[in-house]
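So the chains spell out like this:
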Amino acid sequence: MVTTEGIKRSFLISLWFMFLTFPIMVIRVNTIENVIEWRWKNMMIVGIGSFFLSFVWRWLIGRKEAGRKKSESGDSIEVPPGQRIMEDRRFYVPGLIMLSIFVAVFPFVFSAYQVNIMTTALIYVMLGLGLNIVVGLAGLLDLGYVAFYAVGAYSYGLLNYHCGLGFWAVLPIGAGLAAIAGILLGFPVLRLRGDYLAIVTLGFGEIIRLILENYNEFSFGPSGIANIPRPGFFGLEMSLSTATVYLYFILIALTLFTVFVVNRLQNSRIGRAWIALREDEIACQAMGIDKTKTKLTAFALGATWAGMGGVLFAAKTTFINPASFTFLESAMILSIVVLGGMGSIMGVIVGALVLILLPEYLRGLGEYRMLMFGITLVLMMVFRPQGLIARVRRTYKFEETVRQDR
Amino acid sequence: METILEVKNLCMDFGGLRALDRLDLDIIKGEIVALIGPNGAGKTTFFNCITGIYNPTDGDIHIFRTGKKPERINGLKPNQVTEKGMARTFQNIRLFPGMTVLENVMIGRHCRTASGIAGAVFRGKRNVAEEKQVVEYSYTILKKIGLERYVNDLAGNLPYGAQRRLEIARAMATEPFLLLLDEPAAGMNPHETKELDRLIETIRDREGISILLIEHDMKLVMRLSDRIFVMDYGRRIARGTPDEIKNNPAVIKAYLGEETDA
Ligand SMILES: Nc1ncnc2c1ncn2[C@@H]1O[C@H](COP(=O)(O)OP(=O)(O)OP(=O)(O)O)[C@@H](O)[C@H]1O
Ligand SMILES: [Mg+2]
């Protein structure tokens, strides 16, 4: 495996890396003594490290290529072990029971901090599942998803401030307003797809944020809205810790509801139309599917969940301002969908948990936290572009074909 | 003799290029009609115009359905044309590769079913029944086309010939009165072509679906067609039965070039 050719390439790569990292790894300006320190040792580490890592990298790529060739030549499609476990009743029934117990006792075993993080992660699960409808199923790359999240959050903030409406009243209203916003965005972008759609939705997201930031009379500008009440329970007074646990269970319930709905949708007439739209827009229309209607329902339904997520977010943090709804947030939710597995419910859930929880638990790494995060994403996209858990299409059984069914 | 499709004076311009030039064509119920012509003659463009993918520059397209008033379908959207009963296949296969074979056909049922979001979420009696009916209908079509052993495979993984036939199956699921096939035999081996030949005839005879077919395989065209329309440079240069076309000097000239003396 170690050929002269390989050594030469690795050598060049290590040279390149030494050159690239030279300014940050080697030079340091000592401002106190006004001298420049040359840290040649760092350069050596980078050189040697990248030399060996490049071997590992090539080996992994080679393995991946070999795997793909194998699956192309043989017609048996390999089912990854993770998926096999999920399909096997013997595994998933006990697994599900254990998971439910864990979910139920979680807030009583772990600290309020942990419960809070988990609640945040669950909000992202909902957002991810909503965006999954738009991006994963219907194939419409929406980079302004956070706009609908903001619509939901501000619906709660403003309706509560002006009309004194409570959480449970605003939850459906926020979802509905977000859905309307989704349709409003949907109309102008009906003709666009791919990159163009991405850019316009990106702009839309920024527009909403800028409005919230600058329209002081309406949204209180950058200072935002404070003192948003937490969800109530028939007017019961709750201590902060009870309220945290209560919100956690609300989110568990809503997440289950989301999974239920999305799961039913994706194997329905509408869900199939979305997927067909993603696969081939022209063929989809030629087969009698109304593109306009299909796109708009995808936008509206996706936005509905963002709206609900927004209301929950406002209720959780009790304070909102435009800074929570930047493009970074959209990018995060999109990463959840892509990393988890486009069009796969399980994938999106796992993706959200990984992407939200990982940075929290990596706090120990300090400044390297985000670097690790980035590296993880890049590695994932190289070695598992279909996401953590790839989607599987539903199979149907017919008496005559039982033999052939896997 | 019941006309089902009548195209009159159809023109299509792309900028300065006239891809269709005052084209006339008609199809009678139960016919297999072939549309032939050299590469770039405008055959696919003609399909795109009558199926709503392009909006023709000029001309009239009328359909006549039994028990319904004649309708002009210029400028309708592709999905509306399909709803009215004209379904097509594509020259360069356009399946939904990430969906299973059965789901591909089920998409064809979309315009004949009605379940909405609420139906999908609550799965009421009507929705469940409709869904079941869609699955069964689609499976029946797969059996007719001879693709049932691939039911749950991803469409993108099928062999080439099977993909072409799946496109036909998908179009049939929309319950068309007219099936438009754009080079269905392209890329098929002689054995597959023979099977296709039989399949097309069966579709016409058993299902009563009329067929308009673009094809370069002359053996297939001559054997199958009741009538043939020949185009060149966007114009219709001949029409008639296979025997008439075989001996038509204009056709021979178009196919073999100027130097051949007819
Ligand atoms: N969208 C378009 N824009 C511009 N020109 C087009 C377009 N579509 C087709 N054409 C032109 O119209 C002419 C007819 O093309 P068309 O694809 O209809 O030919 P065809 O008869 O189907 O040929 P083939 O047998 O190769 O499939 C060609 O000159 C082509 O370049
Ligand atoms: Mg063509």
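See the structure shown above.
Presented here is a report on the structure given in the accompanying data block. (Residues numbered from 1 in each chain as written. Chains lettered and ligands numbered in written order. Predicted model: local features only at pLDDT ≥ 70, side-chain atom pairs only at ≥ 80, totals over all residues. Heavy atoms only, no water.)

### Details of the interface of chain A and chain B
Counting residues at the interface gives 37 residues for chain A and 47 residues for chain B. Summing the contributions of chain A and of chain B, the shared interface buries around 3600 Å²; its carbon and sulfur component is 60%. Viewed at the interface, chain B and chain A are joined by three salt bridges. A salt bridge links R272 of chain A to E131 of chain B; the nearest nitrogen and oxygen atoms lie 2.7 Å apart. There are 10 residue pairs in polar contact (both at pLDDT 80 or more) connecting chain A and chain B. Breaking the side of chain A that touches chain B down by element, the ones donating at least two residues are α10 (240-266), α11 (269-279), α12 (281-286) and α13 (291-317) of chain A. Counting residues per element, the side of chain A that touches chain B draws most heavily on α11 of chain A, which supplies seven residues. Here the side of chain A that touches chain B is built from residues that sort into 17 nonpolar, nine polar and 11 charged. (Contact = heavy atoms within 4.5 Å. Buried area = accessible area lost by both parts, 1.4 Å probe. Salt bridge = Lys/Arg side-chain N within 4 Å of Asp/Glu carboxyl O. Polar contact = N/O pair within 3.5 Å; in protein donor to acceptor, adjacent residues only side chain to side chain. Helix = DSSP H or I, 4+ residues; strand = E, 2+ residues; numbered from the N terminus. Nonpolar A, V, L, I, M, F, W, Y, C, P; charged D, E, K, R; others polar.)

### Let's talk about the sheet that holds strand β3 (residues 32-36) of chain B
Residue and element names in this part refer to chain B. Taken in spatial order, the six strands make up an open sheet running β6-β7-β8-β3-β9-β10, and their pairing is mixed. Pairing within the sheet leaves two strands with one partner each, and these edge strands are β6 (86-88) and β10 (235-240). Taking each pair of neighbouring strands and ignoring which way they run, the sheet shows an average axis angle of 20 degrees. Across five bridges, strand β7 (residues 178-182) lies against strand β8 (residues 210-214) in parallel orientation. Looking at β8, one finds that D182 is bridged to I214. The strands touched by helix α7 (residues 190-207) within the sheet are β3, β7 and β8, with β8 carrying the most contacts at an inclination of about 155 degrees. (Pairing = 2+ DSSP bridges. Axes fitted to C-alpha atoms, helices over the stretch in contact; angles between N-to-C directions.)

### Some points on the sheet that holds strand β4 (residues 58-63) of chain B
Either a parallel or an antiparallel arrangement is found when strands of a sheet pair, and the pairing is made through backbone hydrogen bonds. Residue and element names in this part refer to chain B. The sheet built from four strands is open, its strands ordered β2-β1-β4-β5 with antiparallel pairing. Because the sheet does not close on itself, it has two edges, and the strands there are β2 (17-28) and β5 (71-72). Bridge count for strand β1 (residues 3-14) against β4 is five bridges, and the pairing is antiparallel. Counted as the bridge partner of V7 is I61 from β4. Sheet contacts for helix α1 (residues 43-50): β1, β2 and β4; angle to β1, the most-contacted strand, approximately 115 degrees.

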